[in-house]
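Notes for the structure review
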Amino acid sequence: MTKETNLISRRGALAGGAAALAAPAFIGKAAAAEKVTWKVQSHWPKASSSYGDSLALIAEELKANTDGQFELQLFGAGEFAKGGEIFNIVRKGVVEMGTISPGYILGEAPTAGLALGVPGTFREPWEFAHYLKNMGFEDMFNEDLAVHGVVSRAEKVYPTELVVSKPINSVADFSTLKLRSSGSYQKFLEAAGASTQNVAGPELYSSLASGVVDGAHWGAAQGAMSMSLWEVAKFHMKPTLGLAVDTLIMNQQAVDNLSPDLRKEFFALLDMRFWKRTTEYQYKEKLALSKGLAEQNITVAEFPADVQAKFSEASAAILMEESAKGGNATKATEMLVSFLKGMGYV
């Protein structure tokens, strides 16, 4: 073989090698060229702070991170279904994704009551976040949801605080109230004597304005401000009733149908957004409450001691009820009580 022939041969080999190295990237791009659009039914009205600050932001970042290959088509509360119906339309694949409060699915998942948050237990958002993500509770919750073909990721930890239209000076005052609530919070409030009912988000303002209910919780300060609740319920009550979680739920088959790259990007984004949103939410709570005091003439009031004593009794009773459900609910309750003892709360 001449020197020229050898050089040509080597160049050919190098060219072939370069093509071989380039092929996987080209094939990867071709494979990733799928276009996925998921319908997402929110339980938040479009006026709610979490719709814009959380769900819309997730959709925006997902589209950007996947170069437009994965998009979320968002629907506000009631456009496809209301809160209690969202789990079923996700489970059936009518929409691929939804947002819910775990309080909507207490009958479907034994751990849903704990996922909602037991009032009177956690005191700081990081405590619930640690329980969810580091101690393994979210995995237990997903084990319960798997039988329905649904997978969940916590959207944020947030405080739950009551706003009412009249002052509360005693248990006697509290017992006259009609309050909008859900899940274990209903039991918590009823234990102190109030009557409760469930009112959908879009109907909450009108229910307060018309006197159908005397008070409500929709998150805390941000929820009250974004839903205009302070216009008709001027008393914002402390301390926080408890810490709760909103949840993003996905149809398992829709998740399985994603390419590995899109699936990895999607869940990495949801996990990152949880920590960012939980922290951001606490900051915005402070801003919202300050704005309510300065501009809407609200009063921040504290529950009387006799009401708080009733709340404490109710919290212990709710934990016993959750533990009695068996399976993961029992394990998760034991884990929670152990954590609370370690913190010196019980």
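Procedures and definitions
- Residues numbered from 1 in each chain as written.
- Predicted model: local features only at pLDDT ≥ 70, side-chain atom pairs only at ≥ 80, totals over all residues.
- Heavy atoms only, no water.
- Salt bridge = Lys/Arg side-chain N within 4 Å of Asp/Glu carboxyl O.
- Helix = DSSP H or I, 4+ residues; strand = E, 2+ residues; numbered from the N terminus.
- Phe/Tyr/Trp six-rings, centres within 6.5 Å; stacked < 30°, edge-to-face > 60°.
- Buried < 20%, exposed > 50% of the residue type's maximum accessible area, 1.4 Å probe, protein only.
- pLDDT = per-residue confidence, 0-100.
- Contact = heavy atoms within 4.5 Å.
- Pairing = 2+ DSSP bridges.
- Axes fitted to C-alpha atoms, helices over the stretch in contact; angles between N-to-C directions.
- Right-handed = clockwise from strand over helix to strand, strands pointing away.

**What about the pattern of salt bridges?**
If you walk through the whole model with that rule in mind, you get 17 salt bridges. For Asp271, the salt bridge identified is with Lys133, shortest N-O distance 3.6 Å. Here Asp271 is found in helix α12 (residues 260-295), whereas its partner Lys133 is found in helix α5 (residues 125-134), with 138 residues between them in sequence. Residue Lys284 is joined to Glu280 by a salt bridge in which the shortest nitrogen-to-oxygen separation is 3.6 Å. Placement of both Lys284 and Glu280 in helix α12 is noted, with a separation of 4 residues, approximately one turn of the helix. Put simply, Asp53, Glu155, Lys156, Asp246, Arg277, Glu280 and Lys284 are held in one network by salt bridges that share partners.

**Quick look at the packing of aromatic side chains**
For the structure shown, the criterion picks out 18 aromatic pairs. A centroid spacing of 4.8 Å and a plane angle of 25 degrees characterise the contact between Phe122 and Phe128, whose relative ring orientation is stacked. Here Phe122 and Phe128 have matching classes, each one buried. Ring-pair connections join several aromatic residues into one group, and the members of that group are Phe122, Trp126, Phe128, Tyr131, Phe137, Phe141 and Phe339.

**Let's talk about the confidence of the model for the protein**
On average, residues of the protein score 90 in pLDDT, and 90% of them reach the 70 mark or higher. Note that residues 2-30 has pLDDT below 50 and, in this model, 1 contact with residues that lie over four places away or in other chains.

**Structural notes on the sheet that holds strand β4 (residues 150-160)**
Taken in spatial order, the 5 strands line up as β2-β1-β3-β10-β4 in an open sheet, and their pairing is mixed. The two strands at the open ends of the sheet, each matched to only one other strand, are β2 (70-75) and β4. On average, each strand axis in the sheet is inclined to that of its neighbour by 20 degrees, with strand direction left out of account. Relative to β2, strand β1 (residues 36-41) runs parallel, the two being bridged by 6 bridges. Bridged to Val36 within β2 is Phe70. Packing of α5 onto the sheet brings it into contact with β4 and β10 (242-251), and relative to β4 it is tilted by some 165 degrees. Against the sheet, helix α6 (residues 137-146) touches β4 and β10, its axis set at about 135 degrees to β4.

**Section: the pairing of β1**
As a crossover connection, the stretch from β1 through helix α2 (residues 49-65) into β2 is right-handed. Here 2 bridges tie β1 to strand β3 (residues 97-100), and the two strands are oriented parallel to one another. Note on β3: the bridge partner recorded for Val40 is Met97.

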